[in-house]
Amino acid sequence: MTPRVEAAVAGVVRQEWSRVVATLTRDLGSLDLAEDAAQEAAETALATWPAQGVPDRPGAWITTVARRRAIDRLRRERVGRHKAELLGRLDERVQGGHDHMDDETAVRDDQLRLIFGCCHPAIRVEDQMALTLRSVAGLTTSEIARAFLIPEPTMAQRLVRAKRKIAGAGIPFVIPPDHELLKRLAVVQGVIYLVFNEGYNASVGDELVRRELCDEAIRLARLLVDLTTDDAESMGLLAMCLLTHSRRDARVSADGDVVLLEDQDRGRWDSGMIDEGMAVLERAYRLGRPGPLQLQAAIAATHARAAEPQDTNWRSIALLYEELVGYRPTAVVRLNHAVAVAMADGADTGLALLADPELAEALETYPYYHAACADLLGRTGALDDARSAYRRAIELTEDAPEIRLLEAKLAALG
Amino acid sequence: MKYLALIYSDESDATANPPEGSPEMEAIMQDYFAFGAAGGEAGVVLGGDALLPTPMATSVQVRDGETITTDGPFAETKEQLGGYYLLDCENLDEAIAWAARIPHAALGTVEVRPVIEFEQD
């Protein structure tokens, strides 16, 4: 079996993974059992498909084999009250010809249940991320570990802990009731957003699987849009990821240096991704339910529309950030707002916002705050202050390419 | 599934724990009666108690066969245990929904902990 065939089979398995795990979780009532069964079946697929060909309905194939394995395993283990029930149900599914996976709506509901279970607020956030990437995106434990720069046994432990919490605390795999739905969706969107950011912050020198987290996040966002059908914020999330990721080839120079937005070669932006992002955002707008993710997407879209940096509609961006501050009054959002205002209305206006004592205190250890101040101070001619601010920013930065960028800006002040 | 809802709040905070007999304390007690009634009717609340505050606590340890008693709770904490309810719920979501209705969820913290149920075989 060639590596290419192996990769192709693995690709098919991964594509079907969330549907398979979702269906099995419902069948077995346990994510842990579901994944073990799915894993065994996937290994069989990997062993037999290259020779026999990929079946017409690979997901159904894996699910059926997994159910058989689960039945075998349950029979071998001590049978208690619950297990008898479970075996009965499973036997029915395998023999009765009733193929749950034929019912598209049912499978999609199961997938939503799986996602909401993995992203339950009672699970700590980093575990939600790991669990979602494992159970929904179908990444291996090893891939997730390498993507997050964490040793594999540690990541394996994280997944074990998360699944134990689900089983031990009785976290249900259900679609939340209407009055909780938007709030819980926001948690899911938050997890996907964090995964995207993790990938976006990866440097060129990092392993490919780390940088590919952006692609995984986009895939998850697409799935969420697909499953929720008319959730504007989920579309906003997808649009934001697409529009941001479209710049990936322009963000880093040949030497591995950071290229700021205003210096990027816009010819290297992925126009297909931009078009798609704009289209998704347009669909979101039509639903008439604004929200912070749509705003972030709109900001990215405004940048994407500018053929050259000087064409950027900063007034529009400033207004969008002002609205975003309303939803997310965090120091970082206010910083971004101030920078946009500076671009639209002049450095002095921006500096006045940045000088707000509460903001300054909150961002004292945030390098981008000092870098932004330095940039604006430089524009107003306050060169000594600008130099101090750049030095402070450099002090606070650990990332080598970013340090080089800041040092270059410091030097450029003269 | 059974869950214990452990009710924590800052004993020294007059908003969370108003003086005995004050109108504010009466209001909180009323809310607790209402919660207990609703929970009992729903078959969710199996029991519960309010506890005297931590100055009334005694900590007991046995070391090398010696019983050691100390005045006060086992540890100094920002919020202290003030009471509990035993809940019977379908799953964690239901337990969380009921825990959120406990008056001190808004004035302190309610910890929801699954009870181990040993299987009779």
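The rules behind each value
Residues take numbers from 1 onward in each chain, read along the sequence in its written order. Whichever chain is written first becomes A and whichever ligand is written first becomes 1, with later ones labelled in order. A pLDDT threshold of at least 70 governs which residues receive local features in this predicted model, and a stricter bar of 80 or more applies before side-chain atom pairs are shown or counted, although totals over entire chains, interfaces and linings include all residues. The basis for every side-chain value is the complete set of heavy atoms in the structure, and neither hydrogens nor water enter the calculation. Should any heavy atoms of two residues lie within 4.5 Å, those residues are considered in contact. Basic side-chain nitrogens of Lys or Arg form a salt bridge, by our definition, when they fall within 4 Å of a carboxyl oxygen of Asp or Glu. Pairing of N or O atoms within 3.5 Å defines a polar contact, subject to two protein rules: one partner must be a possible hydrogen donor and the other a possible acceptor, and residues neighboring in sequence count only if both atoms are side-chain atoms. By definition, any uninterrupted DSSP run of H or I lasting at least four residues is a helix, any uninterrupted run of E lasting at least two residues is a strand, and each is numbered from the N terminus. The classification used treats Ala, Val, Leu, Ile, Met, Phe, Trp, Tyr, Cys and Pro as nonpolar, Asp, Glu, Lys and Arg as charged, and all other residues, Gly among them, as polar. As a per-residue measure, pLDDT tells how confident the predictor is, with possible values from 0 to 100. In this scheme, strands are said to pair when DSSP sees at least two bridges between them. Buried residues are those whose accessible area, probed at 1.4 Å on protein chains only, stays under 20% of the maximum for their type, while exposed residues exceed 50% and partly exposed ones sit between those limits.

This part covers the interface of chain B and chain A. At the junction of the two partners, chain B supplies 8 residues and chain A supplies 10 residues. Our count for the contact surface shared by chain B and chain A stands at 1 salt bridge. Across the pair D93 of chain B and R184 of chain A runs a salt bridge whose closest N-O atoms are separated by 4.0 Å. Across the chain B-chain A interface, the total number found is 3 residue pairs in polar contact (both at pLDDT 80 or more). Among the elements that take part in the side of chain B that touches chain A, helix α2 (residues 92–99) of chain B stands out by supplying 3 residues, more than any other. Here the residues of the side of chain B that touches chain A sort into 5 nonpolar, 1 polar and 2 charged.

Let's shift gears to the confidence of the model for chain A. Low pLDDT means the predicted coordinates in that region are not meant to be read closely. Overall, the prediction assigns chain A a mean pLDDT of 92, with 97% of residues at 70 or greater. Taking the mean pLDDT of every element in chain A, the minimum, 73, falls on helix α4 (residues 81–95) of chain A and the maximum, 98, on helix α12 (residues 232–245) of chain A.

Our focus in this paragraph is the pairing of strand β3 (residues 58–63) of chain B. All names here are of chain B. Of the strand pairs in this sheet, β3 and strand β4 (residues 66–71) are connected by 6 bridges, and their pairing is antiparallel. Bridge assignment links T58 to a residue of β4, and that residue is D71. A loop of 2 residues connects β3 with β4, the two strands running antiparallel in sequence, and D64 in this loop sits at a positive phi of about 50 degrees.

The backbone phi angle of T229 of chain A is positive, close to 55 degrees, even though this residue is not glycine. As for its position among the elements, T229 of chain A is in the loop between α11 (213–228) and α12. Phi at D64 of chain B is positive, roughly 50 degrees, even though this residue is not glycine. Residue D64 of chain B is classed as exposed on the basis of its relative accessible area of 83%.

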